[in-house]
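Descriptive analysis of the structure
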Amino acid sequence: MVLRGFIVCFCLVPVLAGLAGIGFPAFGWFPPLGGETFSFAPLTLLFDQPGLWQSIWLSLFTALISTFLSYWLAMMLLAYLYDQRRSAWVFRLISPLLSVPHITVAVGILFLLQPSGWLFRLISLCFTGWDRPPDVSLAPDLYGYALILGLIAKELPFLLLMGLSALSQIEVKALRDRAKLLGYGPISGWFYVIQPLLSVRMRMPVFIVMIFAVSVVDMAIVLAPSIPPPLAVRILEWFWDPDLGFQFIAAAAALLQLMLAFVCCGIWFAFAAVMMRGLGEMTRKGIRFAIPPIAAKGVRFFLLAFAVIPCLLSLLGLLAIIIWSFANVWRFPSVLPDVWGLRGWGQASSDLFQIGFNSLILGLAAAGLSVVIAMVWLETRHGKRWEGMIYIPLLLPQASFLFGLQMLLIWLRLDGAFLTLLWAHSLFVFPYVMLSLVSAWRRFDNRYLDVAASLGVNACRRFFTIKLPMLMIPILTAFAVGFAVSSALYLPTVFASNGRYATLTTEAVTLAASASRQSLGVASVMQMTLPLLVFIGCDLYTRLWATRFRYYRRR
């Protein structure tokens, strides 16, 4: 119980301190900057800022549309492809995007959809014969469609993974057979019977995705419009403003960002309630949505194409990143570089490789620490009590409490320390590690331990020689997921390090605004290579390790 309380404090103390750190300045009280009394002046100044309502609308629009499309595409893919042998290629196409950081996907889409991007080069070669880039801006665009595309490319694989995990808790085959006996087809039976059960189990992943989308900064800097940008980007701009008076406006905007997250969740709750009521009415009226086989095949093809296209564009963007990193000269409209070479890698300063080393050490430390904490949590004997508390950092916009947390760290003179940065990363890595590990850990058959206990083996030895080896595969999977999450964190690095520690994510955001495509390509290749190497390393280790056991050789 004491250990669980310590872990809850580990997760909640920074969040509560951060919320206090924005709550007081948002209402005018922050003595270090001269705010001696409470007032509504910061809120008044915030709503007087030009373009604020456009920023709010852009944040809400991109978050709601991207989450809605990602969720229903994931659900439809699961409905059509679940338990089908030919569906493996779709999951193999989408799953690599899980290990790619958000900013890398954004840079890839930028390299693909810019006027001189790879897509327009291919169009010029095949159709138009352009000899110069067209006057078309697809990324970034004025309405945030490129950002929505990037968010879908990252959210859809995550929701698919969470959906597959949730389906393992549902008797899918038995329920589909009963629906078929009642006259429902495979798709209508899925949405009438399985989808309601699945939506309840998917509620937390959906909220995590939506709150991330409404407060994303790194992808928005690259893909969203800049005049005005989404609210999360403006908070960062106000925070960095040399006029310290803007710190109060930034705090008020962070509080507003928190309200926007609650609004988005409320809209989703209302939409889910309407959908459930509609399903109930259609069930009572006996509507079964029978689709002819030919039409069903057409719908399946359309849904597959609609779901795969964003991910396919992202994969093409990643390929464009790799090509740019090895291009010395690449003039428009050439489809491939005119001169290949290593100029970009040669121009990459030694600082970039040091930054890559920082990302590696920080990711390994955060993932390892989070896996250890998760195992300690899951081994304590108090069920699921207080477990929801550890997911709170994912259910709040990062800007809504990291801004206040940094103020507290500066006041305590803890900002810029590596342990502080590790703590900030672990706040977000630990919940993802728990999501990856908790299902497999709680499905473990404790009878193995009971047999060992009956032979006189003590608890410590039972854990390290029986349970830990049998759960090694999900543990290493959770570790790889944790490393990928750490490598993608932007705002926690910016606020906790105070500029003293740079990672490949912060460097890629900086290079996207001011550097050559070769330099940005090199940084992005390094950034997507590190998580991929960790995933491959964990996979190879588990394959070699598992061959020692007859249990795994049979599978």
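Residue numbers run consecutively from 1 along every chain, following the written order of its sequence. The predicted origin of the model limits local features to residues at a pLDDT of at least 70 and limits the giving and counting of side-chain atom pairs to 80 or more, whereas totals for whole chains, interfaces and linings rest on all residues. The side-chain figures draw on all heavy atoms in the structure; neither hydrogens nor water molecules are used.

Quick word on the overall build of the protein chain
- The way it works is that DSSP assigns letters per residue, a run of H or I at least four long becomes a helix, a run of E at least two long becomes a strand, and they are numbered from the N terminus. A tally of regular secondary structure across the protein chain gives 25 helices and two strands.
- Every radius of gyration here is taken over C-alpha atoms, with the globule rule written as 2.2 Å times N^0.38, N being the number of residues. Computed over its C-alpha atoms, the radius of gyration of the protein chain comes to 25 Å, within 12% of the 24 Å expected for a compact globule of 555 residues.
- Considering only C-alpha atoms, the protein chain reaches an extent of 65 × 65 × 55 Å along its principal axes.
- For the protein chain, long-range pairs separated by at least 24 residues make up 80% of all intrachain contacts whose partners lie at least 6 apart in sequence.
- Taken as a whole, the protein chain presents about 26200 Å² of accessible surface, with 68% of it coming from carbon and sulfur.
- When charges are counted, neither His nor the chain ends are considered; positive counts come from Lys and Arg and negative counts from Asp and Glu. A charged residue contributes its charge at one atom only: NZ of Lys, CZ of Arg, CG of Asp or CD of Glu. Mean positive and mean negative side-chain charge positions of the protein chain (40 and 23 charges, respectively) differ by 17 Å. By definition in these notes, contact holds between two residues if any of their heavy atoms fall within 4.5 Å. Accessible surface area values rest on a Shrake-Rupley calculation with a 1.4 Å probe, where residue burial reflects the displayed protein chains alone.

Concerning empty space enclosed by the protein
- Grid points spaced at 1 Å and placed over the protein atoms alone form the basis of the search, with a cavity being a set where a 1.4 Å probe fits but cannot get out and a pocket an open set showing protein on both sides within 12 Å along at least five of seven lines. Lining residues have an atom within 4 Å of a point. Grid points are joined across faces, edges and corners, and a volume is the space filled by probe spheres set on the points. Per the counting criterion, the structure on display carries two cavities of 30 Å³ or more.
- Looking at the largest cavity, its volume works out to about 50 Å³.
- What lines the largest cavity is simply Ser359, Leu362, Gly363, His425, Ser486, Ser487, Leu489, Thr503, Leu504 and Thr505.
- Of all elements in the fold, only α16 (350–379), α21 (472–488) and α23 (504–514) reach the threshold of two or more residues within the lining of the largest cavity.

Comments concerning the packing of helix α3 (residues 52–81) against helix α13 (residues 246–284)
- Contact geometry of α3 with α13 gives a least axis separation of 11 Å together with a crossing angle of 40°. Viewed along their axes, α3 and α13 adopt a mutual orientation that is oblique. Crossing of α3 over α13 shows right-handed handedness. Between α3 and α13, the residues in contact are Ile56, Ser59, Leu60, Ala63, Leu64, Thr67, Phe68, Tyr71 and Trp72 and Leu256, Leu260, Cys264, Ile267, Trp268, Phe271 and Met275, respectively.
- Here the contact of α3 with α13 is built from residues that sort into 14 nonpolar, two polar and no charged. Lines fitted to C-alpha atoms define the axes, with helix axes restricted to the stretch in contact, and inter-axis angles between N-to-C directions lie between 0 and 180 degrees. Angles below 35 degrees are treated as roughly parallel, those above 145 as roughly antiparallel, those between 65 and 115 as roughly perpendicular, and all remaining angles as oblique. For any pair of crossing helices, the crossing counts as left-handed if the nearer helix is rotated counterclockwise from the farther one by less than a right angle, and right-handed if it is rotated clockwise. Residue classes follow a fixed rule: Ala, Val, Leu, Ile, Met, Phe, Trp, Tyr, Cys and Pro count as nonpolar, while Asp, Glu, Lys and Arg count as charged, and any other residue, Gly among them, counts as polar.

Details of the domain arrangement of the protein chain
- In this document the domain limits rely on a domain assignment from an automatic tool or a database. Domain assignment breaks the protein chain into domain 1 (1–22 + 342–555) and domain 2 (51–224 + 250–325).
- Relative placement of domain 1 and domain 2: their C-alpha centres are 25 Å apart.
- At the interface, 37 residues of domain 1 touch 36 residues of domain 2.
- Surface buried jointly by domain 1 and domain 2 totals about 3200 Å² across both partners, of which 75% is contributed by carbon and sulfur atoms.
- By definition here, a salt bridge exists when the distance from a side-chain nitrogen of Lys or Arg to a carboxyl oxygen of Asp or Glu is within 4 Å. Linking domain 1 with domain 2 are zero salt bridges.
- Each polar contact in these results corresponds to two N or O atoms within 3.5 Å; when the atoms are within protein, one needs to be able to donate a hydrogen and the other to accept it, and residues that are neighboring in sequence are counted only if both atoms are side-chain atoms. The interface formed by domain 1 and domain 2 includes four residue pairs in polar contact (both at pLDDT 80 or more).
- It is helix α24 (residues 517–546) that provides the largest number of residues to the side of domain 1 that touches domain 2, a total of 12 residues.
- Of the residues belonging to the side of domain 1 that touches domain 2, the class tally is 26 nonpolar, nine polar and two charged. By buried area we mean the combined loss of accessible area, with a 1.4 Å probe, across both parts when two parts are placed together.

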